[in-house]
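Structure at a glance
Listed below, chain by chain, are the residues.
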Amino acid sequence: MIEIQNVTKRFQDKKMSVTALNHVSFNVGKGEIVGLLGENGAGKTTLLRSVATLLTPTEGKITIDGHDTVKHPDKIKKQMGVLFGGETGLYNRMTARENLEYFAALYHLSKHETKVRIDELTKMFGMRDYLDRKVEGFSKGMRQKMAIARTLIHNPDIILFDEPTTGLDITASNVFRQLVQELKSQGKTILFSSHIMEEVSMLCDHVAMIHKGQLVYHGEIEALYKEENSQDLNYIFMSKLVRGDEGYAI
Ligand SMILES: Nc1ncnc2c1ncn2[C@@H]1O[C@H](COP(=O)(O)OP(=O)(O)OP(=O)(O)O)[C@@H](O)[C@H]1O
Ligand SMILES: [Mg+2]
């Protein structure tokens, strides 16, 4: 379970202070798939980086299964898989298999565990044909699949994706969506940001909306549909933002 408690993050340079997150609180329960929505600059990446232990909140705290992200990042990293948009973290000169072996070693997987896990992931992603090819010649979709596979090499229970399908074609996006369904059936906890409403409404059971660093909604997607008397997430999102600007503007 991820508990985000009253988190504020300010970035300070010489003259300017930017409040990227402003007293954000919500929980992600075990096995929940939560979509994080917000306009450009809303604070999604900042929130995901904070949950991933990569940023320290200015105020408030985040715990993962009771472990504080600032005090005990080591306990958290082992059980978490993280993929940020645009960063694949792959080594071009190595083959797909070598890359996966490399990441498995970082998590101290044994030779046997590594082999079993690579087999599982290769099957799950349909990567058998190019497992022993160098990554440098891979297409964008192949790279993205590999990036997701390396994120999951240590079979984490908590997975964070920042805009995982941005820049992917329909086929590669569908692969990602099927994969999330598969991870959901395995009981994984997933928090991911997206600008694609269709994707969020298809995959998520909960949604969190941030606007200018503030949480304007968090809850079950079905409850939101009922509350707003609409199933059009795009419309709901836009109307929440307008209301947000009236009530929450910073
Ligand atoms: N390292 C940093 N230094 C200064 N300001 C930052 C830093 N990182 C983020 N910000 C600022 O914090 C705010 C939130 O940025 P963030 O990247 O979290 O938004 P986002 O919701 O992920 O946007 P996008 O949809 O464009 O990816 C923005 O105003 C951004 O400029
Ligand atoms: Mg972002």
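Residues numbered from 1 in each chain as written. Chains lettered and ligands numbered in written order. Predicted model: local features only at pLDDT ≥ 70, side-chain atom pairs only at ≥ 80, totals over all residues. Heavy atoms only, no water.

**A short note on the packing of aromatic side chains**
As a reminder, the rule being used: What counts as a ring pair is set by centres within 6.5 Å for rings of Phe, Tyr and Trp (its six-membered ring), and what kind of pair is set by the plane angle: stacked under 30 degrees, edge-to-face over 60, tilted for all other angles. Exposure classes here rest on a 1.4 Å probe applied to the protein chains alone. A residue is buried below 20% of its type maximum, exposed above 50%, and partly exposed in between. The helix and strand labels rest on DSSP assignments: H or I over at least four residues marks a helix, E over at least two residues marks a strand, and numbering proceeds from the N terminus. A ring has a charge above it when a Lys NZ or an Arg CZ is no more than 6 Å from the ring centre and no more than 35 degrees off the ring normal.
According to the stated counting rule, one finds five aromatic pairs in the structure shown. A ring pair is formed by Y102 and F103, whose centres lie 5.2 Å apart and whose planes are at 85 degrees; its orientation type is edge-to-face. The exposure class of Y102 is partly exposed, given its relative accessible area of 34%. Judged by relative accessible area, F103 falls into the buried class, the value being 9%. Ring geometry for F176 versus F192: centroids 6.1 Å apart, planes at 70 degrees, classification edge-to-face. A residue pair is termed long-range when its members are at least 10 positions apart, and F176 in helix α6 (residues 170–185) and F192 in strand β8 (residues 189–193) qualify at 16 residues. By relative accessible area, which is 1% here, F176 ends up buried. The class for F192 is buried, based on a relative accessible area of 0%. Put simply, the rings of Y91, Y102 and F103 touch in pairs and so form one group of aromatic residues. Over the ring of F84 we find R49, and its NZ or CZ is 5.4 Å from the ring centre. We note R150 situated over the ring of F103; from NZ or CZ to the ring centre the distance is 5.1 Å.

**Focus: helix α5 (residues 140–151)**
Just so we agree on the cut-off: A helix is expected to reach a length of 1.5 Å times the quantity of its residues less one. Contact criterion: two residues are considered in contact whenever any of their non-hydrogen atoms come within 4.5 Å of each other.
Given a rise of 1.5 Å per residue, twelve residues ought to cover 16 Å, and the 16 Å separating the end C-alpha atoms of α5 matches this to within 8%. Of all twelve residues making up α5, eleven are buried, and the element is well covered by its neighbours. For α5, every residue scored as buried is listed here: G141, M142, R143, Q144, K145, M146, A147, I148, A149, R150 and T151. Each element contacted by the buried residues of α5 is listed here: β6 (80–83), α3 (96–106), α4 (111–125), β7 (158–162) and α6.

**Quick look at the pairing of strand β10 (residues 214–220)**
Defined as follows: In this analysis, strands are considered paired if DSSP registers two or more bridges between them.
Of all seven residues that make up β10, five are buried, and the element is covered over most of its length. Sheet analysis places strand β9 (residues 206–211) next to β10, joined by six bridges and oriented antiparallel. Looking at β10, one finds that H211 is bridged to Q214. The loop that links β9 with its antiparallel partner β10 comprises two residues; one of these, K212, has a positive phi angle of about 45 degrees.

**Considering the site of ligand 1**
The condition that has to hold: The near set for a molecule or strand comprises every residue that places at least one heavy atom within 4 Å of it. Polar contacts, as used here, are pairs of N or O atoms within 3.5 Å; protein pairs need one atom able to donate a hydrogen and one able to accept it. Residues neighboring in sequence count only if both atoms are side-chain atoms. Here the accessible surface of atoms and residues is derived via Shrake-Rupley with a 1.4 Å probe, and residues count as covered only by protein chains that are part of the display.
Among the 13 residues in the neighbourhood of ligand 1, the closest are listed as G41, G43, K44, T45 and T46. G41 places a polar main-chain atom, nitrogen or oxygen, 2.7 Å from an oxygen atom of ligand 1. Separating an oxygen atom of ligand 1 from a side-chain N or O atom of H195 is a distance of 3.1 Å. Within the complex, the protein chains bury 59% of what would otherwise be the 640 Å² of accessible surface of ligand 1. Contributing elements (two or more residues each) for the shell around ligand 1: β2 (17–28) and α1 (44–51). The biggest single contributor to the shell around ligand 1 is α1, with three residues.

**What to know about the nonpolar core**
Convention followed: Residues enter a nonpolar core if they are buried and are Ala, Val, Leu, Ile, Met, Phe, Trp, Tyr or Cys, with the set joined through side-chain atoms within 4.5 Å. Residue ranges for the domains trace back to a domain assignment, done automatically or taken from a database.
M209 and L233 are the most contacted members of the largest nonpolar core, which totals 47 residues. Here this core gets five residues from one element, more than from any other, and that element is α5. Two domains each put at least three residues into this core: domain 1 (1–64 + 170–250) and domain 2 (80–156). Excluding its chain neighbours within four sequence positions, the residues that come into contact with L233 are L37, M197, V200, S201, M209, I221, L224 and Y225. I2, V24, L48 and L191 belong to the second-largest nonpolar core, a separate cluster that totals 24 residues.

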